[in-house]
Amino acid sequence: MEDLRSWLQEVEGLGQLKRVTGASTDLEIGIISELNGQRRGPALLFDEIPGFRKGFRILTGSITNAKRLSVTLGCGDIANDQELVRRLEGKMNEFERKAADFSAKEVSNGPLLANRYQGKDVNLLELPAPKWHEHDGGRYIGTGCIVITKDPDSGRVNFGSYRLMLQDKQTVTVHISPAHHGAINIKKYHERGEAAPVAVSLGHHPLYLVVAGMGIPYGISEFDYLGAIAGEAAAVICGEQTGLPIPAASEIAFEGYCPPGQLRDEGPFGEYTGYYASGRGKEPIIDVKALYHRDDPINLGASPGRPPHDYSYMLSLMKSVSVKESLVKDGIPDVRGVWYHESAGVNFFVVVSIRQRYPGHARQAAYVAAQCQAAGNHLGRYVVVVDDDIDPSNLEEAIWAIGTRSNPEKDFDIIRNAYSSPLDPIYPKPAKVFFGSRAIIDACRPYDWIDEFPKVVESSVAEKQKVLSKWRELFE
């Protein structure tokens, strides 16, 4: 598949890239990226960063709009969000089915190996690592990174995107919520009294970041799923220290070990919920044994924060498509649409639109959406089900349905002791385990008297078109 540099050429050709020179890693890159994300601006490529070698660059804002996300997914140029959703519908299950046909392909060499450092020659401090937010507790070298681990039982390889705080020349800390597959893999090694092998790619085609945030089912490798999306197997090199696969065209990568019981202070860090929810705590280290990078390397940054931020749009759209397909796969009929709202931190407010077919249909859709695989289950809060005349992506329509079609004493349910995370701002810290809850809101017309429910005050499409054809100049 193509690399980050070919992706940059394509988006620059669409007028979707801006180059920035001279911005500092001390808040300037972070604040510029924050403001750019809030306006859904172009991708930003930072160079000539003070204190670092010219050519050591950082890219932010890679997938903050539909055009660049579409290019990343190989869907070509599109006009708007809904066109991208239509092109993706039905594809997630297809990618799952085809993933096994696109296992990563090991190669002996790649652009990543242009510069190689081992042992004491490793110096992560030579790479620009921003302080992204004013109250961050350190410099974060990994935000749009992928962290590669392996299940010691099955040998299955996983990658996910987790934050990495720079500690010193050869050490980073990694923060992973306990339900993520990367954390489970590392824990399995630690339960055996062994150090967990870990590899990290810091710069890569943004498709890696998309896949890392999708919540791929546990039995499927992210590398294989990525290959199914791209239509070709990912080329990987075998890490010289860990044996883990690393994208051969990565810009920067390192590998090492996460030893049991070795923790360092980490955080706080401004997270995608819009809060410093996890505070400062002890997190496991990665003892870096080898570093690789291309000439003039690019670190793919993806700084979170109060939405909209660097990757909130991507999460919103991809989770919406994935959960809709999960509902269909689980046998829920007539699901017309699903939308996770960016303004609620993506995970905390989802609207499901259905055409009601039987008593209990709305509750069934809501409960399955609240708990389906990783995409639906991770850090949820409110699940709203509406009729098919409501656009789930339109927050005004969803609120109207809640306000006029739901009766709190009958239509609000609570799921208790559901999965949560240290990143959830609503729960006090510290805590050893995190249980959350879900509010189920049935905002559909009551099924037992749906035919008698008051009609909506709205003209028909035919009547609207008749009037518009006569008075079109008023609406141009």
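Residues numbered from 1 in each chain as written. Predicted model: local features only at pLDDT ≥ 70, side-chain atom pairs only at ≥ 80, totals over all residues. Heavy atoms only, no water.

**Q** I'm lost on the sheet that holds strand β22 (residues 435-443) in this one. Help?
**A** As a general point, the strands of a sheet are linked pairwise by backbone hydrogen bonds and lie either parallel or antiparallel. An order of β18-β19-β20-β22-β21 is seen for the 5 strands of this open sheet, with the pairing classed as mixed. For this open sheet the edge positions go to β18 (335-340) and β21 (412-419), each flanked by a neighbour on one side alone. With direction set aside, neighbouring strand axes in the sheet form an average angle of 20°. Relative to β22, β21 is paired through 6 bridges, and the arrangement is antiparallel. Looking across to β22, one finds that F412 is bridged to I441. Along the sheet face, helix α9 (residues 312-329) touches β18 and β19 (349-354) and points at about 145° away from the line of β18. (Pairing = 2+ DSSP bridges. Helix = DSSP H or I, 4+ residues; strand = E, 2+ residues; numbered from the N terminus. Axes fitted to C-alpha atoms, helices over the stretch in contact; angles between N-to-C directions. Contact = heavy atoms within 4.5 Å.)

**Q** Teacher, can you tell me more about the sheet that holds strand β13 (residues 245-247) here?
**A** Spatially, the 3 strands line up as an open sheet ordered β4-β12-β13, and their pairing is mixed. With one partner strand each, in any of the chains shown, β4 (105-106) and β13 form the two edges of the open sheet.

**Q** Would you take a moment to explain the side chain of E342 for this structure?
**A** In this fold, E342 is placed in the loop between β18 and β19. Here the side chain of E342 touches R40 through a polar contact of 2.8 Å, side chain to side chain. Within the structure, E342 has its side chain in polar contact with the side chain of S312 (distance 2.6 Å). Here E342 is in contact with R40, P307, P308, S312, Y313 and S316, once residues within four sequence places are set aside. (Polar contact = N/O pair within 3.5 Å; in protein donor to acceptor, adjacent residues only side chain to side chain.)

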